[in-house]
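# Coordinates in review
Next come the chains, spelled out residue by residue.
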Amino acid sequence: MEQQGGPLEGRSFSDGPRRGESYEGREELRAYIGDRRAAAADGSLPLLGRLRARREAREAERRLFDSSRRAVGESRAAAKRARREARRAERGCEAARRAQSADARRTAAQRAGVYRDVEALMRRQSRAESRRAEAWSDELSRAQRAQDLIGYSLMYEDGVCESAPGTFSETLSFSDINYRTASPEDQRSAFNAWCGVLNYFGPQVGLQLNAVSLARDEDACMRRTMLPETGGASDVYVREYNRMLADKAAESTQGITRERYLTVSVRAAGRDEALPLLARVRDDVADMLRRMGCDVRKLDGMDRLRLVRSQIAPDGDLPFDYGRSLVSGETTKDAVAPSSFDFSASLDPQGRFFRINNAPAAKDVFAQALVAQSWPSDLTDRALASITDLPVPLNVSVHYHAYDQGDAVAMVLKKLAWMRGEKARSQQQAFRQGLDPELGVSLEVQHRESEASDLLDDLRNRSQHLFGVSVVVLVWGGDLDELSSRVYQVTSAARKAGVRLSSYDLRQKRAFNSALPLGFDHVRLDRTFTTAEAAMLLPFSSRELMQEGGVYYGQNQLSGNPIIFNRKTLKTPAGFIFGKPGAGKGMNNKGEIFNARFGNPDDHGIIVDPKGEYGPCMEAWGGRSFELAVDSPHHINIFDLNENYSGAGSNPVLFKSEFLVAFFSDILAPDGGVTPVERSILDRCVRQAYSRWSPGTPPEDMPTVADFWNLLRAQPDPEADTMARALEMYVNGTLSCFAHTTDIDADAPWASWSTKRMGPQLAMAGSMAVMDRAWLHVTENEGRGVRTWVYIDEIQNFEGNPYAMGYLQKYFAEGRSYGLIPTGITQHPDRILGNDTFRQMLSSCEFQILLDQSYNNRMHLKKILSLSDTELGYIKDAEPGCGLLVAGPAVIPFRNVYPKGTALYRLMTTNPNEREAEARAAREEHRDGRA
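Now for a look at the structure at hand.

Scoring rules and cut-offs
Residues numbered from 1 in each chain as written. Predicted model: local features only at pLDDT ≥ 70, side-chain atom pairs only at ≥ 80, totals over all residues. Heavy atoms only, no water. Helix = DSSP H or I, 4+ residues; strand = E, 2+ residues; numbered from the N terminus. Buried < 20%, exposed > 50% of the residue type's maximum accessible area, 1.4 Å probe, protein only. Areas by Shrake-Rupley, 256 points an atom, 1.4 Å probe, with all protein chains shown as cover. Expected span 1.5 Å × (residues − 1). Arc of directions from axis to C-beta. Contact = heavy atoms within 4.5 Å. Patch = residues over 30% accessible without salt bridge, like charges linked within 9 Å, V, L, I, M, F, W, Y side chains within 5 Å. Salt bridge = Lys/Arg side-chain N within 4 Å of Asp/Glu carboxyl O. Core = buried A, V, L, I, M, F, W, Y, C linked by side-chain atoms within 4.5 Å. Domains from an automatic or database assignment. Pairing = 2+ DSSP bridges. Axes fitted to C-alpha atoms, helices over the stretch in contact; angles between N-to-C directions. Polar contact = N/O pair within 3.5 Å; in protein donor to acceptor, adjacent residues only side chain to side chain. Left-handed = near helix turned anticlockwise from the far one by under 90°. Nonpolar A, V, L, I, M, F, W, Y, C, P; charged D, E, K, R; others polar. Phe/Tyr/Trp six-rings, centres within 6.5 Å; stacked < 30°, edge-to-face > 60°. Lys NZ or Arg CZ within 6 Å of the ring centre and 35° of its normal. Lys, Arg positive; Asp, Glu negative; His and termini not counted. Charge placed at Lys NZ, Arg CZ, Asp CG, Glu CD. Parallel < 35°, antiparallel > 145°, perpendicular 65-115°, else oblique.

## Observations concerning the overall build of the protein
In terms of regular secondary structure, the protein is built from 32 helices and 24 strands. Here the protein, with 931 residues, has 52% of them falling under the buried criterion. If you sum the accessible surface of the protein, you get close to 42700 Å²; carbon and sulfur atoms cover 49% of it.

The following block contains the structure:
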């Protein structure tokens, strides 16, 4: 009878994995053992067959036992090797530290006359430092006087603060950037840059981030924003405008202003030793933030005192002066401290909140400090912004404690060695129970070992550092109900981001001092993060513009806050306003003119108005409106000249000749067909016309076009005779509007110049004449320190005229040094964006208002201004008055809609339907009156 066997019948163990050394080989052996045992128990087999199957099963069991024992041994050996590697890394780090300061320690040891063990000394120093920090926190917690409870020792006038004995700090204020609307590439760039800021800090330098939201003083803000009345007829428009601003301010984010601060701290024996350390760190960090697009400012002593005071009395002021304090003996703590703090159990037995008694200097407030107790595994870059964007007064404080990189690697290696040891013990225990050793290792241990291995790889190969991160959120309220409501909003927002905030019960003093922007952490509830994880607490969201002396440009579509910006703060304040017909271009432009006219009463302004739509506004706002036409009673002499025309130290005649040659060339050949010989003749006649000119020449003695024409006729060149005949109609004919002396008050502070009725032959010449008149105004104002706004409507009309384009380019390139703020306005941006000269001008301007745009125009603007797809969405099918404001590095979506039914709106609107409806209503009112 043929002997029967299992699936491994007739196979040698050498046919499979050698002696079952792999996990799969051991599984195969188990299957074989089960098969042999079944064969040995099968009564249908012959006796010899069953005995053979039993012998083979026993032999396979011995080999499985040997294989498992070797696996356990190898696991133990791997754990042992990991421990040895950790010890070597630790010894290497210690050796590196000893090598870095060997000379200094040797000198100290020699002076002391004793030998000290370096490692023990460092441990003692670390423990001593921790004890000093703990002692300082305990001292503040035990303080009875309000002044003694505030967590710093001294605040110097230059902004250096001794936050604790031996710890000195400085604070930087930095602005927000447009992170929410940036492209994914720009967001990654900003995130990596913030990682670079964090990686800059080592264990010897502390870093504290504060995102402070405070209630804005509405009355003071409105006083700075509202336009002053002049006592004239234009006050009706000023009052309407101020009412509109008040309404818009009421619609903003409950009057909240948001500021961001970085406080850096160093340990030093004294202030003199700390100063160079702080200066280096401060300058490096400020440079990194500026490269990210932030405006950075170092806070001096008064700034830091105001900031600390705002955390104690959010609505209080700071009646302190360093100079007077030398006489009065008042300290900085006397100035910032409240009347008292109330942390008593009678107020709250659980110690969850406290009261700040500020009366009579300011209102009393209740406050509660929350701490971050747990964090999600999938922390996002919106975690911090989800809290700071709330319309709630609060202070989010983040302390970063950087670990030494060598210590961090050694710590991870120790943890990894311990995990592998645990894994080996679990495998051994499973084997003793007759189980597969791999099955004895829990999934949690395997997961933690994988995480530790990944962390070790990050630290060694991916430029990641380890940080201990501690977060405190300080919230205020006028009463307990308001405080409770705000705390609920904050904790709910944090919970949505996966962060659990809880009250720091019975230790509110420590949490309060940790929240103050002083650079010292009294809580130290650290959660260990890598650089990338710590950088997820990104302090950026959307940029705000609220500048002193600025112009109102509408409301920020992201935050709802008003946009108040001063173009004079830009390096290049020249700008453009783009918008399709009906997009609200005229309303936005006239709104800026209105603001500039009444908000900057010392400034002057001139409007090049080819369509004649600005005259009524200028007249209503106390300016002048002039019309240039062949039959107009207004005349300007294009030969008018002053000594400031070309700037100090230059010959004004030479520069004036450049304009006049371009002016006459445009009349003679608008397509640029004037030859070099003809230009030379024109230049010669211009210089001869000014032969008797000198600084101070009165307007009535200036040369005129007629004088120039007579000189041109007297030239012997045949080309001169041809040009004289061509210019005759502009001197004695029907187009002689420029052949007169100036007979109007052309130096009016604010004026619009309409060229609507100049006709096609003189339209461009008229615009150039107005721009030259504006340049005379600009150069005259520059000598008096007065800024001049020049608005050029329908600027696309200059395209195709090389003489006019050259003069326009000079306006935008050189105007800044003369105090000129030029603005080009067009409803045909495709012609601007398709012209090389215009694109060059646009790329050098730092101010643009972009309203609704077509697809092609959006693509052009995206390339020239580096706009993201999210930002482009705000100028796609946008409502009238909505779009993007580009002001230097800031790109802000805005909504600037004026309320209808006001005299200001009726004056500024150019909507034909609204004009028709207004005229119809006026006719009906007149008819009813007659009836």
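Structure shown, so let's carry the discussion forward.
## Topic: helix 15 (residues 443–461)
Over its 19 residues, helix 15 runs 27 Å from end to end, which matches the ideal 27 Å to within 8%, given 1.5 Å per residue. Among the residues of helix 15, those classed as buried are Glu449, Ala452, Leu456 and Leu459. Buried residues of helix 15, viewed axially, fall in a sector of 90 degrees; they line one side. What points out from helix 15, more than 90 degrees from its buried face, is the exposed set Leu443 and Asn461. Where helix 15 is buried, its residues contact helix 14 (405–432) and strand 11 (466–477). Directly beyond the C-terminal end of helix 15, a positive phi value near 55 degrees is found at Ser463.

## What about a nonpolar patch on the surface?
A cluster of nonpolar side chains, namely Leu47, Leu48 and Leu51, defines an oily patch on the protein surface of about 320 Å² accessible area. Structurally, the position occupied by Leu48 is in helix 2 (residues 47–100). Here Leu48 falls in the exposed class, since its relative accessible area comes to 69%.

## Quick word on the environment of Gly696
If you trace the backbone, Gly696 turns up in the loop between helix 22 (676–689) and helix 23 (705–713). Take Gly696: its relative accessible area is 62%, and that puts it in the exposed class.

## A few points about the pattern of salt bridges
Counted under the stated rule, the structure contains 39 salt bridges. In this structure, Arg297 and Asp303 form a salt bridge, with 2.9 Å as the shortest nitrogen-oxygen distance. Arg297 sits in the partly exposed class, given a relative accessible area of 44%. Taking relative accessible area as the criterion, Asp303 reaches 17% and is therefore assigned buried. Arg382 serves as the salt-bridge partner of Asp389, at 3.3 Å between the closest nitrogen and oxygen. By relative accessible area, Asp389 is classed as partly exposed at 25%. We classify Arg382 as partly exposed; its relative accessible area is 31%. Within the structure, one salt-bridge network assembled from shared partners comprises Asp35, Arg36, Arg52 and Glu56.

## Structural notes on the nonpolar core
Taken as a class, soluble globular proteins show a tendency for nonpolar side chains to be buried jointly. Core analysis: the largest hydrophobic core is formed by 88 residues, its most contacted members being Ile638, Phe663, Phe664, Phe798, Leu808 and Phe812. Among the elements that take part in this core, helix 25 (residues 763–784) stands out by supplying ten residues, more than any other. Two domains each provide a minimum of three residues to this core, namely domain 3 (545–633 + 751–757 + 788–898) and domain 4 (635–743). When near neighbours in sequence (up to four residues on either side) are disregarded, Ile638 contacts Lys656, Phe659, Leu660, Phe663, Phe664, Val705, Phe738, Ala769 and Asp772. Among the nonpolar cores identified, the runner-up in size contains 66 residues, and Val197, Ala372, Leu483 and Val490 belong to it.

## Regarding the sheet that holds strand 16 (residues 575–578)
Pairing is mixed across the open sheet formed by eleven strands, whose spatial order is 15-14-24-23-22-16-21-20-17-19-18. The sheet is open, and its two borders are formed by strand 15 (562–565) and strand 18 (624–627), each paired with just one other strand. Taken pair by pair, the neighbouring strands of this sheet meet at an average axis angle of 25 degrees, ignoring direction. Bridge count between strand 22 (residues 847–850) and strand 23 (residues 882–887): four bridges; the pairing is antiparallel.

## Points about the environment of Glu780
Tracing the backbone through its elements, the reader meets Glu780 in helix 25. Accessibility expressed as a relative area gives 33% for Glu780, which makes it partly exposed. Considered as a pair, Glu780 and Glu643 are 137 residues apart in the sequence and their alpha carbons are 8.6 Å apart. Apart from residues no more than four positions distant in its own chain, Glu780 is found in contact with Asn642 and Asn644. Side-chain polar atoms of Glu780 contact the side chain of Asn642, separated by 3.3 Å.

## Quick look at the packing of helix 23 against helix 24 (residues 718–727)
The interhelical angle for the contact between helix 23 and helix 24, taken along N-to-C directions, is 145 degrees, at an axis separation of 8 Å. In this structure, helix 23 crosses over helix 24, and the sense of that crossing is left-handed. Touching Phe708, Trp709, Leu712 and Arg713 of helix 23 are Ala720, Met723, Ala724 and Leu727, all from helix 24. Split into classes, the residues belonging to the contact of helix 23 with helix 24 amount to seven nonpolar, no polar and one charged.

## Describing the packing of aromatic side chains
Counted according to the given criterion, the structure contains 29 aromatic pairs. Put simply, the rings of Phe639, Phe659, Phe663, Phe664, Tyr690, Phe708 and Phe738 touch in pairs and so form one group of aromatic residues. Looking at Lys590, its charged tip hangs above the ring of Tyr614, at a distance of 5.5 Å from the centre. The ring of Phe598 is capped by Arg597, whose NZ or CZ atom sits 4.8 Å from the centre of that ring.

## Let's talk about the environment of Asp404
With respect to the secondary-structure elements, Asp404 resides in the loop between strand 10 (394–402) and helix 14. Residues Asp404 and Pro203 lie 201 residues apart in sequence; the distance between their C-alpha atoms is 5.7 Å.

## Looking at a positive patch on the surface
A surface patch of positive charge is lined by Lys80, Arg81, Arg83 and Arg84. Relative to the assigned elements, Arg83 resides in helix 2. Residue Arg83 is classed as partly exposed on the basis of its relative accessible area, which comes to 35%.

## Concerning unusual backbone geometry
In this model, Arg524 sits at a positive phi of 55 degrees, which is unusual for a non-glycine residue. Tracing the backbone shows Arg524 in the loop between helix 17 (508–515) and strand 13 (527–530). The backbone of Asp877 shows a phi angle near 50 degrees, a positive value even though the residue is not glycine. Residue placement: Asp877 occurs in the loop between helix 30 (869–872) and strand 23.

## Quick word on helix 21 (residues 652–668)
The periodicity of an α-helix, 3.6 residues per turn, causes residues three or four positions apart to be oriented the same way. Taking 1.5 Å of rise per residue, 17 residues should cover 24 Å, and helix 21 covers 24 Å from first to last C-alpha, within 8% of that figure. Within helix 21, 13 of the 17 residues are buried, which leaves it mostly tucked inside the rest of the structure. For helix 21, the capping residue at the N-terminal end is Asn651, with a side-chain oxygen 3.1 Å from the backbone nitrogen of Val653.

## Quick notes on the side chain of His522
Mapped onto the elements, His522 comes out in the loop between helix 17 and strand 13. Accessibility expressed as a relative area gives 3% for His522, which makes it buried. There is a polar contact of 2.7 Å between the side chain of His522 and the side chain of Ser137. Beyond its immediate sequence surroundings of up to four residues, His522 is in contact with Trp136, Ser137, Leu140, Arg510, Asn513 and Ser514.

## Observations regarding the pairing of strand 10
Most of strand 10 is tucked away, with nine of its nine residues classed as buried. Side chains Leu394, Val396, Val398, Tyr400 and Ala402 project from strand 10 onto one buried face, and the interleaved Asn395, Ser397, His399 and His401 project onto a second face that is buried too. Examined bridge by bridge, strand 4 (residues 205–215) and strand 10 share seven bridges and lie antiparallel to one another. Bridge pairing in strand 10 links Asn210 to Ser397.

## A word on the packing of helix 14 against helix 15
Helix packing for two helices is described by the angle between their axes and how far apart those axes are. Contact geometry of helix 14 with helix 15 gives a least axis separation of 10 Å together with a crossing angle of 155 degrees. Put simply, helix 14 runs roughly antiparallel to helix 15. When the axes of helix 14 and helix 15 are compared, the crossing they make is left-handed. Across the interface between the two elements, Gln405, Ala408, Val409, Val412, Leu413, Leu416, Met419, Arg420 and Lys423 of helix 14 pack against Val445, Arg448, Glu449, Ala452, Ser453, Leu455, Leu456, Leu459 and Arg460 of helix 15.

That's the geometry; what it means functionally is another story.
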